[in-house]
Amino acid sequence: MSNVSSLLSIPFHRAAIGDEEVAAVSEVLRSGWLTMGTRTQEFERRFARYVGAPDAIAVSSGTAALHLALDAIGLRPGEEVLLPTTTFTATAEAVIYLGGRPVLVDVEPNAMNIDVEDAARRITPRTRAILAVHLAGLPCDLDALQRLASNYGLRVVEDAAHALPSSYGSRTIGSISEFTAFSFYATKTLTTGEGGMVTTANAQAAERMRMMRLHGISRDSWKRYHADGSWRYEVMEAGYKYNFTDLQAAIGLVQLQKCDAMREARRRIAEQYTLGLQDLEEVELPATPPDRESSWHLFILRLHLDKLEIDRDQFIEELKRRGVGCSVHFIPLHLHAFYQREFGCGAGDFPRAEAEYRRCISLPIFPTMREDEIERVLQAVIGTVRMTAKPVPAPRYAAR
Ligand SMILES: Cc1ncc(COP(=O)(O)O)c(C=O)c1O
């Protein structure tokens, strides 16, 4: 092991999995029913209640959740979906699965969420939907997006992969738009290893998503083998193999009970970071508008590069040398080879997203972080800033 990696003692993320999750999984293993069944149904019911949604459909990933939501709105080949360039590729990929065209939009300067005015400028007669990503867990300006959507007859799908639990005004994310997609990937705020969920108030769409997540078959597999089920089933569509499993549900049910406490733990870390770094002129801290509450999935620090001798990449290297693992969310989609090749976009197309990308760093923020780890992250950031800050020019006094 090199010196640097042996020093890397604070990972970017460590999943909060305890004995309760292990016991719950063991119970499912012993039950003899491993795939989608009654525990998945219970997880769906409890998840729906938790976010205040009428219905929730559990699936194999957040990407599958986005795909099924876009399928449910009937997205057709050639139709366009507006989405921010600052997101993970899954957001746009789901559009492409259905032959749609992701139309990238620049981000607003404060939260790095989709810029509603830029979105409005990119609407064409082919635009069908808006994919609203709540970056880091901070909700987008949903009122403005809903207004835009209703003015142009567009559907809204929220990509809430980062936003469990987050709220906008008095409403919890998952209970607001027609469709909301969540991810339970290993680093997310509720994890089942892999997994996802769509919440919706649209009963017809929920029925279709339940069918499409399991090969387009008219009845879920558990019913086929259950006492009140039958061996008979019918294939209605060419669906997908996107079902959840009871093993995942067992973990999810335990994680859901801890979800509020885990958010509170992250909120406290965010508060400590804010208090510890607020006096540094060289960094900008995340701001939360008063009408929103973030899940604090990520804590994104932005550097004032003009006040530092080093760039973002060097800053991350220095934090790594000091034993702190960091990440970057996200490399804007228009800077990736695939989007450049397929959609003709390129560097310079989305100036705000690029400027923010060049200066952003995601610090570790996870519920099992110890006080000494939080303190070490703070000292690493402060130490790096002090070591690399540009000297402040001496004040010039007017000649007397
Ligand atoms: C913004 C965003 N959307 C969608 C996804 C896809 O989720 P999953 O990995 O569960 O498919 C992710 C995953 O990292 C994400 O960050």
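Rules and cut-offs
Note on numbering: residues in each chain are counted from 1, in written sequence order. Local features in this predicted model are restricted to residues of pLDDT 70 or higher, and side-chain atom pairs are both shown and tallied only at a pLDDT of 80 or more, whereas totals for entire chains, interfaces and linings draw on every residue. Heavy atoms from the whole structure form the basis of all side-chain values; hydrogens and water molecules are not counted. Going along the chain from the N terminus, every DSSP run of H or I of four or more residues is numbered as a helix, and every run of E of two or more is numbered as a strand. In this analysis the probe radius is 1.4 Å and the grid spacing 1 Å, with only protein atoms considered; a cavity is a set of points the probe fits into but cannot get out of, a pocket is an open set with protein on both sides within 12 Å along at least five of seven lines, and lining residues have an atom within 4 Å of a point. Grid points are joined across faces, edges and corners, and a volume is the space filled by probe spheres set on the points. Ten residues, namely Ala, Val, Leu, Ile, Met, Phe, Trp, Tyr, Cys and Pro, are considered nonpolar, four, namely Asp, Glu, Lys and Arg, are considered charged, and the remaining ones, Gly among them, are considered polar. Note on pairing: DSSP must find at least two bridges between two strands before they are called paired. Throughout, a residue-residue contact means that at least one pair of heavy atoms, one from each residue, lies within 4.5 Å. Inter-axis angles, ranging from 0 to 180 degrees, are taken between N-to-C directions of lines fitted to C-alpha atoms, where helices are fitted over the stretch in contact. With a 1.4 Å probe rolled over the protein chains alone, any residue whose accessible area is under 20% of its type maximum counts as buried; one over 50% counts as exposed, and the rest are partly exposed. The reported arc concerns the directions from the helix axis to the C-beta atoms and nothing else. Any N or O atom pair separated by 3.5 Å or less is treated as a polar contact, with the protein-specific requirement of one donor-capable and one acceptor-capable atom, and with residues adjacent in sequence counted only for side-chain atom pairs. If even one non-hydrogen atom of a residue comes within 4 Å of a molecule or strand, that residue is called near it. Residue exposure ignores everything except the shown protein chains as possible cover, and the areas themselves are Shrake-Rupley values with a 1.4 Å probe. Whether a molecule sits in a cavity or pocket is decided by its atoms, more than half of which must lie within 2 Å of the grid points.

Chemist: Looking at this structure, how should I read unusual backbone geometry?
Modeler: Where the residue is not glycine, phi is negative for most of them; where a peptide bond is considered, it is trans in most cases. Look at the link from leucine 164 to proline 165: it is a cis peptide, with omega at -10 degrees. Of note, proline 165 is situated in the loop between β5 (155–159) and β6 (167–168). The linkage connecting histidine 329 with the following residue, phenylalanine 330, adopts the cis geometry, with an omega of -5 degrees. Here alanine 136, not a glycine, exhibits a phi torsion of approximately 70 degrees, which is positive.

Chemist: So what exactly am I meant to see when it comes to empty space enclosed by the protein here?
Modeler: If you roll a probe as big as a water molecule over the atoms, it shows you where there is empty space left. Counting across every chain of the model gives one cavity of 30 Å³ or more. Its volume calculated, the largest cavity comes out at about 160 Å³. In the lining of the largest cavity, the residues fall into 10 nonpolar, three polar and one charged.

Chemist: Honestly, the sheet that holds strand β12 (residues 299–303) in this entry has me stumped. Any pointers?
Modeler: Backbone hydrogen bonds are what pair the strands of a sheet, in a parallel or an antiparallel way. Strand order in the open sheet formed by three strands is β10-β12-β13, with antiparallel pairing between adjacent strands. Two strands bound the open sheet, and with one partner strand each, they are β10 (283–284) and β13 (360–363). By the bridge criterion, two bridges tie β10 to β12 in an arrangement that is antiparallel. By the bridge assignment, glutamate 284 is partnered in β12 with arginine 302. Where helix α11 (residues 312–321) meets the sheet, it contacts β12 and β13, and its direction lies at approximately 25 degrees from that of β13.

Chemist: Sorry if this is basic, but what is going on with helix α7 (residues 142–152) here?
Modeler: Given 3.6 residues per helical turn, the α-helix brings residues three or four places apart onto the same face. Residues of α7 that are buried: Leu142, Ala144, Leu145, Leu148 and Ala149. Projection of α7 onto a plane perpendicular to its axis shows the buried side chains occupying an angular sector of 160 degrees, all on one side. What points out from α7, more than 90 degrees from its buried face, is the exposed set Arg147, Ser150 and Asn151. Buried residues along α7 sit in contact with α6 (116–121), β4 (127–133), β5 and β6. Positive phi shows up at glycine 153, right after α7, with a value of about 65 degrees.

Chemist: Looking at this model, I keep getting lost on the sheet that holds strand β8 (residues 179–183). Mind explaining?
Modeler: Spatial strand order, β1-β9-β8-β5-β4-β2-β3: seven strands in an open sheet with mixed pairing. On the outer flanks of this sheet lie β1 (55–59) and β3 (101–105), each paired with one strand and no other. On average, each strand axis in the sheet is tilted by 25 degrees relative to the strand beside it, whichever way the strands run. The strands touched by helix α4 (residues 62–72) within the sheet are β1, β4, β5, β8 and β9 (196–200), with β8 carrying the most contacts at an inclination of about 165 degrees. Helix-sheet contacts for helix α8 (residues 203–212) involve β1, β8 and β9, and the interaxial angle to β1 is about 15 degrees.

Chemist: Help me understand the side chain of glutamate 79 in this model?
Modeler: Here glutamate 79 is to be found in the loop between α4 and β2 (80–84). Reaching out from glutamate 79, the side chain makes a polar contact with the side chain of arginine 128 at a distance of 2.8 Å. Residue contacts for glutamate 79: discarding those within four places in its chain leaves Gly74, Gly100, Arg101, Arg126 and Arg128.

Chemist: Teacher, can you tell me more about the site of the ligand here?
Modeler: Around the ligand sit 16 residues in total, of which Gly62, Thr63, Asp159, Ser183 and Lys188 are the nearest. At 2.7 Å, a backbone N or O of glycine 62 approaches an oxygen atom of the ligand. Separating an oxygen atom of the ligand from a side-chain N or O atom of serine 183 is a distance of 2.7 Å. Protein contacts shield 92% of the accessible area of the ligand, which totals 390 Å² for the unbound molecule. A majority-of-atoms criterion places the ligand in the largest pocket.

Chemist: I tried to follow the pairing of β8 on my own but got confused; where do I start?
Modeler: The buried count for β8 comes to five of five residues, which makes it a mostly enclosed element. The pairing of β5 with β8 spans three bridges and is classified as parallel. Looking at β8, one finds that aspartate 159 is bridged to alanine 181. One ladder, built from five bridges, connects β8 with β9; its direction is antiparallel. Bridging from a neighbouring strand, phenylalanine 182 pairs with methionine 197 of β9.

Chemist: Would you mind going over the layout of surface pockets with me for this structure?
Modeler: Estimated volume of the largest pocket: approximately 620 Å³. Residue lining of the largest pocket: 40 residues in total, with His162, Ser183, Tyr185, Thr187 and Lys188 positioned closest to the centre. Of all elements in the fold, only α4, α5 (89–97), β8 and α10 (246–277) reach the threshold of two or more residues within the lining of the largest pocket. Looking at the lining of the largest pocket, its residues break down into 20 nonpolar, 15 polar and five charged.

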